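# Analysis of the macromolecular model
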Amino acid sequence: MIPKPISVSFQMGDGREVSIETGRMARQADGAVVVRQGNAMILATVVGAKEPRPGTNFFPLSVDYQEKFASAGRIPGSFFKREGRITDSEVLVSRLVDRALRPLFPDEYYCDVQVLISLISSDTEVMPDALACLAASAALAVSDVPVQEIISEVRIARINGEMVVNPTRTQLKDADMDFIIAATEQNIMMVEGESKECQEADIVKALEVAHDAIRVQIKAQEELRDKVGIEGKRDVDAPYENEALQKRIEDFASDRIVEIAKSALPKHERSEGLKKIREDFAESLGEEELSEEDAPLVGKYFGKLEKKLIRNMVLDTRKRLDGRELSEVRPLTIETDVLPSPHGSALFTRGETQSLTTVTLGTSEDELLVETAATSDYQNFILHYNFPPFSTGETRPMRGPGRREVGHGNLAKRSLAQMMPDAEKFPYTVRIVSDILESNGSSSMATVCAGSLAMMDAGVPYPKHVSGVAMGMISDGDKYAILTDILGDEDHLGDMDFKVTGTRNGICGIQMDIKVDGLSMEVMAEALEQARKGRLHILDAMYDTIGEYREELKPHAPRVVQLNIDREFIGAVIGPGGKIIQEIQRETGTTISIEEVNDRGEVKIFASDKEAIDKALKWVKGIVAVPEVGETYEGTVKSIVPFGAFIEFMPGKEGLLHISEVSWKRLETLEGVLAEGDTVKIKLIGTDPKSGKLRLSRKVLMEKPEGYVEPEKRERRSGDRDRGDRRGGGDRRRDNNRGGGDRRGGDRRDNRNERPRNNENEQAPQSPKQDDNNDADMKL
């Protein structure tokens, strides 16, 4: 029997309630909770191993977030109809939770910990990524896994000038700021998001609003923990230490490490110098052998010593590993149009970090489908970030993009997307690929800069350049140093690293990880201001290289023409089973997409050749054009019938050229006059009043023969009219009920048979069979 679940709840401040429940599901996990808001329910579980794996010298934390399609009443669209490896969007949520939780564990805790977060019920208006960290932290809170603090995350969006906590999906569409922020009771831990050129002061305000909301969620978790009765966490055994060995390493290596740190050496020379010190220490041991417990400590103690000495050097001398000032950006080398075949390209080099970035323009058929449990969206802006091992002088298997590549690419994409033109102005699918050729700090920011340059080179109507800079901070008590454009080594030894992207007018994206307690908002504001100056320095160099987007696309880039048509013509352009649109594409060599947007058809025609576009455009316009009575057209004879010829005078538009309208002379047959495939000039003289079918004439465009006499119009005799009246008089009620079918048929037949032929040029009356054929064959 399942015991009664334990739950707590809190208010979001606008009537929305969030509940956290434990003890009902997944009871064999070390900790498990279900967080609910509206119909959205998230199950989070945590399991921690009791002992570390032998030889482990790092913290093996794994966080996986997954959305079950059943949560939204859907079946996955894959071949196997089941969820597979987690998608890029799920990887991004997993990273948000991982980065917030990881600093909360003890430094020497090396046991495996697995956090699994699953969306088990979906709500179309609730954004589950804003609740994922709350669920994970609550699961840790009700477990005995030794996490040191309780944490939570919220989304902050600015909507119509107001900061909104965890907005609905509909509200978020109107936001000009969108940030996910994680914090403990005392400290901001992680920030990531995007904005439409917000100011540094706006970021600080968003952090303050988020922290107040997070404190409410932390209090609810503490209440749940107390209700469950968790009084303590597992003991973490202190690792084996050898103070004598540590002192020996410090005495041997300190001066040499400081000397190398102050030498401003390139990355690989510095690494080789530090490696040589370790090798020399090993040789200094001579025949003395370290015990099995002491051997792993050598690398650990050297790492700690290098970190301490380099941090102190930066704080004391205000100089950095490569000799730069704290706020100095490394030398920049920027080139555009470096590759002949891509539609746009740029090579951006900053110090020892280099990105080769290309832009490819595609059609709407190339849009990326992004599916979550609650949404299915097509995206026309794609960015892929590649980090091959040679960029750091290493070898490793190529196994496709990892979580790091997905996260770095997403930050660059969100930043560049803020300046992308809308589809009305630029109806292309744009794909950016950044290949990192060298890396020594902030390759994601190099991707932002190179991506902006490549789009301008491609002729994308990109209004402003976007650049990015990576920042770091080293602190020790009251002393701190904020570093601009950090190296890879500075990233590892710092207390905070954050990346800021934007234009000259404001911030477009930010990613921040804080590893130190007690960081004040004043220091945060100072760091953001220093980042702004670094960003502007890089922007100046980018504008010097290419100041605005090229007026023309590259000659080999696809051109596009967009045409809006009435929605009722969409089917006519596509044709049965796509027959018409496929024929147009095949005959013209173009790519055509058509979709219904706002009750109209939006047709896009893509091709590199202008003539091909013009030909396809004329074809489509012909299909959707409405023939006008009185207009003259040039058509093609499609078929010959005994009573005339069918002429296609517009794409998909045919009319009947009756034999009596071919010439002013009476013709018994069209043999020798017209043949299939002939081009003929005709005039649209009207439509059949009963069927709406198109009537054409050729003779009206010809000069009337001299002495030509118009045939007399045939009149019905009074007897026929009386006979018709007598037939119809008593049956009018029946005819009205039946739509007048009997009266119409009788009158037509009688008049046709008894009408006199007053002129030899008058056409002989047609048989009813011919009339039937006429009715049938005049259909479009």
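Details of the structure are given in the entry above.
Here the structure is a predicted model, which is why all the values come from computation and not from measurement. (Residues numbered from 1 in each chain as written. Predicted model: local features only at pLDDT ≥ 70, side-chain atom pairs only at ≥ 80, totals over all residues. Heavy atoms only, no water.)

## Regarding the overall build of the chain
Secondary structure assignment for the chain yields 18 helices and 29 strands. Here the C-alpha atoms of the chain give a radius of gyration of 39 Å, more than 25% beyond the 28 Å that 2.2 N^0.38 yields for 780 residues. Evaluated residue by residue, the chain yields a buried proportion of 49% over its 780 residues. Taking the contacts inside the chain whose residues are at least 6 apart along the sequence as the reference set, 69% of them involve residues at least 24 apart. Taken as a whole, the chain presents about 38800 Å² of accessible surface, with 47% of it coming from carbon and sulfur. Within the chain, one finds 108 positive and 135 negative side-chain charges whose respective centroids are separated by 8 Å. (Helix = DSSP H or I, 4+ residues; strand = E, 2+ residues; numbered from the N terminus. Rg over C-alpha atoms; globule rule 2.2 N^0.38 Å. Buried < 20%, exposed > 50% of the residue type's maximum accessible area, 1.4 Å probe, protein only. Contact = heavy atoms within 4.5 Å. Areas by Shrake-Rupley, 256 points an atom, 1.4 Å probe, with all protein chains shown as cover. Lys, Arg positive; Asp, Glu negative; His and termini not counted. Charge placed at Lys NZ, Arg CZ, Asp CG, Glu CD.)

## Points about the packing of aromatic side chains
Inspection of every chain in the model, using the stated rule, returns 10 aromatic pairs. Summarising the aromatic geometry, the rings of Tyr-385 and Phe-387 are spaced 6.4 Å apart at their centres and angled 15° between planes, so their arrangement reads as stacked. Each member of the pair, Tyr-385 as well as Phe-387, carries the same accessibility label: buried. Connected via pairs of aromatic rings, a cluster forms that spans Phe-59, Phe-105 and Tyr-109. (Phe/Tyr/Trp six-rings, centres within 6.5 Å; stacked < 30°, edge-to-face > 60°.)

## Topic: the side chain of Asp-513
Residue placement: Asp-513 occurs in strand E21 (residues 507-514). Asp-513 gets classed as buried once you look at its relative accessible area, which sits at 15%. In terms of polar contacts, Asp-513 uses its side chain to reach the side chain of Arg-99, at 3.0 Å. Excluding residues that lie within four positions of it along the chain, Asp-513 makes contacts with Arg-99, Met-189, Met-190, Asp-495, Met-496 and Asp-497. (Polar contact = N/O pair within 3.5 Å; in protein donor to acceptor, adjacent residues only side chain to side chain.)

## Focus: helix H5 (residues 243-261)
The largest bend along H5 reaches roughly 45° and is located at Ala-253. Those residues of H5 that fall on the buried side of the exposure criterion are Leu-245, Ile-249, Ala-253, Ser-254, Ile-257, Ile-260 and Ala-261. On its buried face, H5 is in contact with helix H6 (267-284) and helix H7 (295-317). Near the N-terminus of H5, the side chain that reaches the backbone nitrogen of Ala-244, with its oxygen 3.2 Å away, is that of Asn-242. (Bend = angle between axes of the 7 residues up to and from the residue.)

## Some points on unusual backbone geometry
Trans is the common state for peptide bonds, and a negative phi is the common state for residues other than glycine. One non-glycine residue, Asn-160, lies in the positive phi region at around 55°. Relative to the elements of secondary structure, Asn-160 occurs in the loop between strand E7 (152-159) and strand E8 (162-165). We classify Asn-160 as exposed; its relative accessible area is 72%. For Ala-264, which is not glycine, the phi dihedral falls at a positive 55°.

## Overview of the pairing of strand E25 (residues 632-641)
Inspection of the sheet shows E25 paired to strand E28 (residues 679-687) by 5 bridges, in the antiparallel sense. The residue bridging Glu-634 from the neighbouring strand is Lys-681, located in E28. Taken together, E25 and the strand that follows it, strand E26 (residues 644-650), pair antiparallel across an intervening segment of 2 residues. (Pairing = 2+ DSSP bridges.)

## So, the side chain of Glu-490
Mapped onto the secondary structure, Glu-490 falls in helix H10 (residues 488-493). Judged by its relative accessible area of 4%, Glu-490 is buried. Of note is the side chain of Glu-490, whose polar atom sits 2.9 Å from the backbone nitrogen of Leu-487. Not counting residues up to four positions away in its chain, the partners in contact with Glu-490 are Arg-320, Leu-321, Arg-324, Leu-483 and Asp-485.

## Some details on the sheet that holds strand E11 (residues 332-336)
Here we have 5 strands laid out as an open sheet, ordered E11-E12-E13-E17-E16, and mixed in their pairing. With partners counted over all chains shown, the strands left at the sheet margins are E11 and strand E16 (381-386), one partner each. In this sheet, neighbouring strand axes are inclined to one another by 15° on average, regardless of whether the strands run parallel or antiparallel. Where helix H9 (residues 443-458) meets the sheet, it contacts E11, strand E12 (344-350), strand E13 (353-362), E16 and strand E17 (429-438), and its direction lies at approximately 145° from that of E12. Helix H11 (residues 521-545) rests against E11 and E12 of the sheet, and its axis sits at about 35° to E11. (Axes fitted to C-alpha atoms, helices over the stretch in contact; angles between N-to-C directions.)

## Remarks on the packing of H5 against H6
Describing two packed helices takes the angle between their axes plus the distance from one axis to the other. One way to put it is that H5 packs onto H6 with a least axis distance of 10 Å and a crossing angle of 150°. Where H5 crosses over H6, the two elements pack in a sense that is right-handed. When H5 is examined against H6, the residues Leu-245, Arg-248, Ile-249, Phe-252, Ala-253, Arg-256, Ile-257 and Ile-260 are found in contact with a partner set consisting of Arg-270, Gly-273, Leu-274, Lys-276, Ile-277, Asp-280, Phe-281 and Ser-284. Grouping the amino acids of the contact of H5 with H6 by side-chain chemistry returns 9 nonpolar, 2 polar and 5 charged. (Left-handed = near helix turned anticlockwise from the far one by under 90°. Nonpolar A, V, L, I, M, F, W, Y, C, P; charged D, E, K, R; others polar.)

## Describing the nonpolar core
By size, the foremost hydrophobic cluster in this structure holds 143 residues, and its most contacted members are Ile-20, Val-33, Ile-117 and Met-455. Those residues in contact with Val-33, other than ones at most four positions away along the chain, are Ile-20, Glu-21, Thr-22, Ile-42, Leu-43, Ala-44, Ala-135, Ala-138, Ala-139, Val-142 and Leu-224. Of all hydrophobic cores here, the second largest spans 19 residues; its members include Ile-565, Ile-581, Val-603 and Ile-613. (Core = buried A, V, L, I, M, F, W, Y, C linked by side-chain atoms within 4.5 Å.)

## Notes on the environment of Lys-413
As for its placement among the helices and strands, Lys-413 is situated in helix H8 (residues 403-417). Taking the C-alpha atoms as reference points, Lys-413 and Gly-451, separated by 38 residues in sequence, lie 9.0 Å from one another.

## What about the pattern of salt bridges?
Under the definition given, this model contains 53 salt bridges. Measuring nitrogen to oxygen at the nearest pair gives 2.4 Å for the salt bridge that ties Arg-414 to Glu-194. With Arg-414 in helix H8 and Glu-194 in strand E10 (residues 188-198), this residue pair connects regions lying 220 residues apart in the sequence. Residue Lys-499 pairs with Asp-497 through a salt bridge whose shortest N-O separation is 4.0 Å. As far as burial versus exposure is concerned, Lys-499 and Asp-497 are alike and both buried. Within this structure, Asp-129, Arg-155, Asp-178, Glu-194 and Arg-414 form a network of salt bridges that share partners. (Salt bridge = Lys/Arg side-chain N within 4 Å of Asp/Glu carboxyl O.)

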